[in-house]
Amino acid sequence: MTTTPSGGARGTVLVVNSGSSSVKYQLVDPVAGEAVASGLVERIGEPRGAVKHVAHGGTTRREVPVPDHAEALRVVLSLFAEVGPDLATAGVVAVGHRVVQGGSRFDRPVLVDQHVEDTIEELSPLAPLHNPPNLTGIRVAKELLPDVPHVAVFDTAFFRTLPDAAATYAIDREVATTYRVRRYGAHGTSHQYVSQKVAEVLDRPLEDLHQIVLHLGNGASASAVRGGHAVETSMGMTPLEGLVMGTRSGDIDPAIMFHLHRNAGMSADEIDDLLNRRSGLKGLSGENDFRALHELVEAGDEGANLALDVYLHRLRKYIGAYHAVLGRLDALTFTAGVGENDALVRARAVEGLDAMGIEVDPERNAGRTDGPRVISPEGARVTVLVVPTNEELAIARHAMDVIGA
Ligand code: AMP
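Residues numbered from 1 in each chain as written. Predicted model: local features only at pLDDT ≥ 70, side-chain atom pairs only at ≥ 80, totals over all residues. Heavy atoms only, no water.

1. Structural notes on the site of the ligand
Move 1: All residues in the neighbourhood of the ligand are listed as G217, N218, N288, D289, F290, R291, A336, G337, V338, N341 and D342.
Move 2: Note that an oxygen atom of the ligand is positioned 2.8 Å from one of the backbone N or O atoms of F290.
Move 3: Here V338 contributes a backbone N or O atom positioned 3.4 Å from an oxygen atom of the ligand.
Move 4: Within the complex, 69% of the 510 Å² of free accessible area of the ligand lies under protein.
Move 5: No other element matches the four residues that helix α12 (residues 336–341) contributes to the shell around the ligand.
Move 6: Residue composition of the shell around the ligand, grouped by class: three nonpolar, five polar and three charged. (Near = heavy atom within 4 Å. Polar contact = N/O pair within 3.5 Å; in protein donor to acceptor, adjacent residues only side chain to side chain. Areas by Shrake-Rupley, 256 points an atom, 1.4 Å probe, with all protein chains shown as cover. Helix = DSSP H or I, 4+ residues; strand = E, 2+ residues; numbered from the N terminus. Nonpolar A, V, L, I, M, F, W, Y, C, P; charged D, E, K, R; others polar.)

2. Looking at the sheet that holds strand β6 (residues 49–55)
Move 1: Strand order across the open sheet formed by eight strands is β7-β6-β5-β4-β3-β8-β10-β9, with mixed pairing between neighbours. Unpaired on one side and paired on the other, β7 (58–64) and β9 (110–111) mark the two borders of the sheet.
Move 2: Taken together, the two bridges between β9 and strand β10 (residues 150–154) define a ladder with antiparallel strand orientation. Bridge assignment links L111 to a residue of β10, and that residue is V151.
Move 3: Along the sheet face, helix α1 (residues 69–83) touches β3 (12–18), β4 (23–29), β5 (34–42), β6 and β7 and points at about 40 degrees away from the line of β4.
Move 4: Those strands touched by helix α15 (residues 391–403) are β3, β4, β8 (92–99), β9 and β10, and its axis lies near 120 degrees from that of β8. (Pairing = 2+ DSSP bridges. Contact = heavy atoms within 4.5 Å. Axes fitted to C-alpha atoms, helices over the stretch in contact; angles between N-to-C directions.)

3. Some words on the nonpolar core
The nonpolar side chains of a soluble globular protein tend to be buried, and buried together.
Move 1: If you look at the biggest cluster of nonpolar residues, it comprises 39 residues, and the most contacted ones within it are L214, L216, Y311, L332 and I358.
Move 2: For this core, the element with the most residues is helix α11 (residues 302–326), which contributes ten residues.
Move 3: Sequence-distant contacts of Y311, defined by excluding residues within four places in its chain, comprise L216, V244, L281, F290, V338 and V345.
Move 4: In terms of nonpolar packing, the next biggest core, distinct from the first, is built from 25 residues, I44, A70, L79 and V148 among them. (Core = buried A, V, L, I, M, F, W, Y, C linked by side-chain atoms within 4.5 Å. Buried < 20%, exposed > 50% of the residue type's maximum accessible area, 1.4 Å probe, protein only.)

Right, dumping it as structure tokens:
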């Protein structure tokens, strides 16, 4: 059990993010807002899995065969037993599971029971790469940690409030209904956490704020949040829609897919691979990491320069569109790997938007701190911020809320 400064005991939450070939985890103290331990099991199903466990200021690495998710979680639990912290005395009150697709069914985190498991399975066609491993993680964790409640936290839940006008694709309604084709969004846990944090930082009621949040990581999404409720988001039925991303195209004319199928003979799977893994920054420049991309730009690489221009053009278009959706804008916030670290992307994303009241102060933008900060000039009409996201902490706090702790 962790102890508070006053010596009292409080609970921790084990947060599990189970992907197709990896399991990420964090033992979180939701009250202190700290990770007590964290780690990652990669290359599940390959001959040699890679395991990394960070605790007590040290990192333990192992290369062992990890044939499946059950073994991955067993390895994690044995590392907790061996290296610490000891889960038996760490006061684990819940396990929080990240689940990518909650469809129209879940508008908030829920306690996992058989019905919830069945529903996550039923929603798998909408997220075939994500929901099945998420569910496997839940089932295995329940078997290995049967005495604590398990909570599912959905990436889509924050976007269940999207108005129909924003969530509906203009296609035949019967087809859309039968196949559950609508905009569900993604990264919702991050957009919700960050938009709430902005209200805290500005010391203003969340209900009063009109916000745009830009979650710019390897995946990227924008959201418009009015009074704490999402009213627009850039990801659609799947995380492929919207902004240009590390390896994903974002918005694209759907007719390009018929064109490639008919004229290049590409199958649905090949087009899926093209748009999800060989597009975006990587498709345009060969690099999906902004640090490498900037080096190429500085070396005069034409593809990298174009990639950056296309990325920023799309971003500015979304900022303008969401400003129109909201009518009034109070705060624009950058978060995730690129949004938190890349001053140049932030500066160029808002270039030319001063007529909309959006600008950044060069010195504030260039400065660095670990926590949230304002980067717009004093007295600016729109407050521009950098707010580090923390999905694990958000999941841990949701889990605490669900179990009523
Ligand atoms: P995420 O998906 O939020 O973990 O973000 C990962 C991405 O953040 C990487 O692919 C990089 O493009 C970007 N990134 C991480 N660190 C930096 C940095 N120091 N400067 C610029 N971009 C960064």
